[in-house]
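# Tertiary structure, described
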Amino acid sequence: MITVEQVAGACGAVVHGADLAADLDDAEVAQIRQALLDHQVVFFRGQRLDPDQQVRFSRRLGPPSPVPFVQAIPEHPEVIAVVREATETHGYTFGGLWHSDFSFLPEPPSASILHALEVPPFGGDTVWASQTLAYRTLSPAMRQMLTTLEGVHSAVNAYSPKMQAVHDTFAGMSVQTDESATRTQVHPAVRAHGETGVPALFVNAQYTVGLCGFAPHEARPLLDFLAAHTTRTELTCRWQWRVGDVAIWDNRAVQHMAMADFTGHRRAMHRTTVAGEAPVAASSLT
Ligand SMILES: O=C(O)CCC(=O)C(=O)O
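Criteria and thresholds
- Residues numbered from 1 in each chain as written.
- Predicted model: local features only at pLDDT ≥ 70, side-chain atom pairs only at ≥ 80, totals over all residues.
- Heavy atoms only, no water.
- Buried < 20%, exposed > 50% of the residue type's maximum accessible area, 1.4 Å probe, protein only.
- Helix = DSSP H or I, 4+ residues; strand = E, 2+ residues; numbered from the N terminus.
- Arc of directions from axis to C-beta.
- Near = heavy atom within 4 Å.
- Polar contact = N/O pair within 3.5 Å; in protein donor to acceptor, adjacent residues only side chain to side chain.
- Nonpolar A, V, L, I, M, F, W, Y, C, P; charged D, E, K, R; others polar.
- Pairing = 2+ DSSP bridges.
- Axes fitted to C-alpha atoms, helices over the stretch in contact; angles between N-to-C directions.
- Salt bridge = Lys/Arg side-chain N within 4 Å of Asp/Glu carboxyl O.
- pLDDT = per-residue confidence, 0-100.
- Parallel < 35°, antiparallel > 145°, perpendicular 65-115°, else oblique.
- Contact = heavy atoms within 4.5 Å.

Since one α-helical turn is 3.6 residues long, residues separated by three or four positions face the same way. Within helix α2 (residues 51–61) the residues assigned to the buried category are Pro 51, Gln 54, Val 55, Phe 57, Ser 58 and Leu 61. Along α2, the residues classed as buried sweep out an arc of 165° about the axis, all on the same side. With its phi angle positive at about 150°, Gly 62 sits one or two positions after the end of α2.

A few words now on the site of the ligand. Every residue close to the ligand is listed here: Val 82, Phe 94, Gly 95, His 99, Asp 101, Leu 114, Thr 126, His 256, Ala 258, Arg 267 and Arg 271. Here an oxygen atom of the ligand sits 2.7 Å away from a polar atom, N or O, in the side chain of Asp 101. Elements with a minimum of two residues in the shell around the ligand: β15 (254–258) and β16 (267–274). When the residues that make up the shell around the ligand are grouped by side-chain class, the tally is four nonpolar, four polar and three charged.

Here we take up the sheet that holds β15. Taken in spatial order, the three strands line up as β13-β7-β15 in an open sheet, and their pairing is antiparallel. Among the strands making up the open sheet, the edge pair consists of β13 (236–239) and β15. If you compare each strand with its neighbour and ignore which way they point, the axes differ by 20° on average. Pairing of strand β7 (residues 126–130) with β13, which is carried by four bridges, proceeds in the antiparallel orientation. Residue pairing in the sheet places Val 127 in a bridge with Arg 238 of β13.

For the structure shown, the criterion picks out 14 salt bridges. The partner of Arg 60 in a salt bridge is Asp 26, with the nearest N and O atoms 2.9 Å apart. Taken as a pair, Arg 60 in helix α2 and Asp 26 in helix α1 (residues 26–39) lie far apart in primary sequence, 34 residues in all. Residue Arg 271 pairs with Asp 101 through a salt bridge whose shortest N-O separation is 3.5 Å. Taken as a pair, Arg 271 in strand β16 and Asp 101 in the loop between β5 (76–84) and β6 (111–118) lie far apart in primary sequence, 170 residues in all. Neither Arg 271 nor Asp 101 differs from the other in exposure class; each is buried. Each of Arg 33, Arg 191, Glu 195, Asp 250, Arg 252 and Glu 277 takes part in a single network of salt bridges with overlapping partners.

Across the protein, the average pLDDT comes to 96, with 99% of residues at 70 or higher. Mean pLDDT per element in the protein: helix α6 (residues 164–167) is the minimum at 92, and strand β14 (residues 246–250) is the maximum at 99.

Take the pairing of strand β8 (residues 150–154) next. Counting buried residues in β8 gives four out of five residues, a clear majority hidden from the surface. Note: β8 against strand β9 (residues 184–188), five bridges, orientation antiparallel. Within β9, the position partnered with His 153 by the bridge is Gln 185. Strand direction decides the pairing type here: β8 and strand β12 (residues 208–211), joined by three bridges, are antiparallel.

All right, on to the packing of α1 against α2 then. Their axes nearest at 10 Å, the elements α1 and α2 cross at an angle of 75°. It follows that α1 is roughly perpendicular to α2 by the angle criterion. Contacts from Asp 26, Val 29, Ile 32 and Arg 33 of α1 reach α2 at Phe 57, Arg 60 and Leu 61. Residues of the contact of α1 with α2, tallied by class, amount to four nonpolar, no polar and three charged.

A few words on the sheet that holds β8. As summarised here, the arrangement of the three strands in space is β9-β8-β12, forming an open sheet in which the pairing is antiparallel. The strands lining the two open edges of the sheet, one partner per strand, are β9 and β12. Looking at each pair of strands side by side, their axes are set apart by 35° on average, direction ignored.

Looking now at unusual backbone geometry. Its identity is not glycine, yet Gln 40 carries a phi of approximately 75°, on the positive side. The residue Gln 40 is located in the loop between α1 and β3 (41–44) in this model. Since its relative accessible area comes to 8%, Gln 40 is described here as buried.

Structure, rendered in structure tokens:
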């Protein structure tokens with residue numbers, strides 16, 4: 001029997017009683033999907049998924065999303081390895097800045113599924129922040145203004161050639177930058193969730209590089225304010241990984257960030273990514 005246990009005030013719940021490697025029936029998948037909609041990020045302990053099993057489960061949530069720039073693992077084009085080796089002593093870790101996965105795509109992924117294969121003895125947590133709560137906790141005047149705005153998203157600061165030297169320091173991952181990362185994509189600053197219609201802020205520090213119609217010096221203070229507001233501790237849940245854990249998050253409702261605080265130890269995860277829809281603007285003051 002599947003049960004759901006909330007782990008933090010803003011978002012996050014552990015789902016008990018599901019073996020994700022098994023042939024789940026439709027009712028079980030529906031319960032997991034509902035838990036994800038209710039809690040925005042859900043966790044499963046003690047799973048053992050090989051790449052084929054992870055892909056099979058991921059496809060129960062939807063078709064795979066394109067995964068640009070990051071090389072998939074051999075023979076599994078839908079799986080990327082998120083790895084930091086013990087020998088990596090630089091401060092970078094994949095996903096180490098607040099972001100919503102690939103928000104620079106025209107149709108950013110709906111969900112991402114991360115499975116812990118090897119974890120450090122300390123650190124290496126992941127933190128998520130609820131963007132529906134981030135929206136709700138703004139003043140009506142600010143919400144009103146933000147619903148009229150569009151963000152300019154780009155992978156330029158993550159995957160353009162100027163970042164190749166950084167990615168080359170990642171011993172456990174292969175990332176291939178290219179000029180396509182300089183493209184921009186406009187999305188509403190406040191999106192209506194594709195399934196629930198609930199409004200959520202859709203602006204993040206990693207990929208939102210401007211605001212349509214704003215001069216850079218006008219956009220910067222507003223983006224800086226939003227970066228601080230959207231990641232306030234009261235919006236977050238934080239997960240301390242054990243081997244076998246699986247996390248699924250809804251990129252339409254949360255941002256997340258990996259903590260780079262485990263220097264000297266290896267951390268290895270497999271990620272699959274579920275396709276999403278083009279974000280639709282939330283109507284004002286919903
Ligand atoms: O490794 C993690 O904890 C998160 C990685 C990440 O940010 C991602 O897969 O998008």
